[in-house]
Amino acid sequence: MASLLNSEKASGVTVNDEVIKVFNDMKVRKSSTQEEIKKRKKAVLFCLSDDKRQIIVEEAKQILVGDIGDTVEDPYTSFVKLLPLNDCRYALYDATYETKESKKEDLVFIFWAPESAPLKSKMIYASSKDAIKKKFTGIKHEWQVNGLDDIKDRSTLGEKLGGNVVVSLEGKPL
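Residues numbered from 1 in each chain as written. Predicted model: local features only at pLDDT ≥ 70, side-chain atom pairs only at ≥ 80, totals over all residues. Heavy atoms only, no water.

(A) Molecular detail of helix α4 (residues 75–82). What α4 keeps buried is the set P75, Y76, F79, V80 and L82. One face of α4 carries all of its buried residues, which in axial projection span an arc of 155 degrees. (Buried < 20%, exposed > 50% of the residue type's maximum accessible area, 1.4 Å probe, protein only. Helix = DSSP H or I, 4+ residues; strand = E, 2+ residues; numbered from the N terminus. Arc of directions from axis to C-beta.)

(B) Summary view of the environment of K42. For K42, the position within the fold is in strand β2 (residues 41–48). For K42 and Q62, which are 20 residues apart along the polypeptide, the C-alpha to C-alpha distance reads 7.4 Å. In this structure, K42 is in contact with M26, I63, L64, V65, I68, P75, L92, Y93, D94, A95, T96 and E170, ignoring residues within four places of it in sequence. Among the polar contacts made by the side chain of K42, one reaches the main-chain carbonyl oxygen of D94 at a distance of 2.5 Å. (Contact = heavy atoms within 4.5 Å. Polar contact = N/O pair within 3.5 Å; in protein donor to acceptor, adjacent residues only side chain to side chain.)

(C) Main features of the pairing of β2. Among the 8 residues of β2, 7 are classified as buried, and the element is accordingly described as predominantly covered. As paired strands, β2 and strand β3 (residues 54–64) are joined by 6 bridges and run antiparallel to one another. Across the sheet, the residue bridging to V44 is Q62, located in β3. In this structure, the hairpin formed by β2 and β3 is closed by a connection of 5 residues, where K52 is found at a positive phi of approximately 60 degrees. (Pairing = 2+ DSSP bridges.)

(D) A look at the pattern of salt bridges. Enumeration according to the criterion identifies 11 salt bridges in this entry. Its salt-bridge partner being K133, residue E142 comes within 2.9 Å of it at the nearest N-O pair. For E142, a relative accessible area of 33% puts it in the partly exposed group. The exposure class of K133 is partly exposed, given its relative accessible area of 33%. (Salt bridge = Lys/Arg side-chain N within 4 Å of Asp/Glu carboxyl O.)

(E) Just helix α7 (residues 154–162), in detail. Looking only at α7, the buried set comprises R154, L157, G158 and L161. Projection of α7 onto a plane perpendicular to its axis shows the buried side chains occupying an angular sector of 105 degrees, all on one side. Those residues of α7 that are buried lie in contact with α4, β4 (89–99), β5 (103–112), β6 (141–145), β7 (166–169) and β8 (172–173).

(F) Expanded view of the packing of aromatic side chains. In total, this model carries 8 aromatic pairs according to the counting rule given. Ring geometry for F46 against F136: centres 5.8 Å apart, planes inclined by 55 degrees, an arrangement best described as tilted. Taken as a pair, F46 in strand β2 and F136 in the loop between α5 (119–135) and β6 lie far apart in primary sequence, 90 residues in all. The class for F136 is buried, based on a relative accessible area of 3%. When the ring of Y76 is compared with that of Y93, the centres are 5.7 Å apart and the planes differ by 90 degrees; the resulting orientation is edge-to-face. Taken together, the residues Y76 in helix α4 and Y93 in strand β4 connect sequence positions 17 residues apart. (Phe/Tyr/Trp six-rings, centres within 6.5 Å; stacked < 30°, edge-to-face > 60°.)

Written out as structure tokens, the structure is:
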């Protein structure tokens with residue numbers, strides 16, 4: 001019972017177990033077979049259930065590592081295209097980037113709240129954000145995005161990940 005109480009926040013919204021499973025699968029980078037690596041999620045969107053009581057994994061709104069170079073040319077651009085123009089979402093994006101010193105991978109938690117989203121949607125997503133964030137332990141990067149202008153240029157994410165030391169994102173120079 002205690003865990004149920006902990007996952008409820010001001011909005012009363014809970015986080016579906018599948019969301020936590022997806023996060024844990026993305027967070028843990030254990031050595032895997034090529035097949036397992038292909039099934040890893042590169043990006044995934046989360047939305048509120050129809051009754052607005054749970055945060056769930058959004059159906060068919062993900063990019064798998066195995067899609068890259070196959071059906072997905074550029075994972076970052078493809079991820080941006082998954083975002084709905086007129087509604088809010090939460091997202092996890094597994095960024096691969098390079099600094100002057102090294103190659104890195106980090107999960108980024110994104111709160112997508114476009115200006116054009118209905119006010120009610122913005123309010124419930126904003127008040128429920130803590131519920132999902134609390135489940136995503138160890139995330140170093142959080143990014144609230146309020147429209148395509150903020151996210152379509154990959155260099156903005158580069159700045160979030162490491163300021164001016166990031167030289168490339170997803171293999172593309174910044």
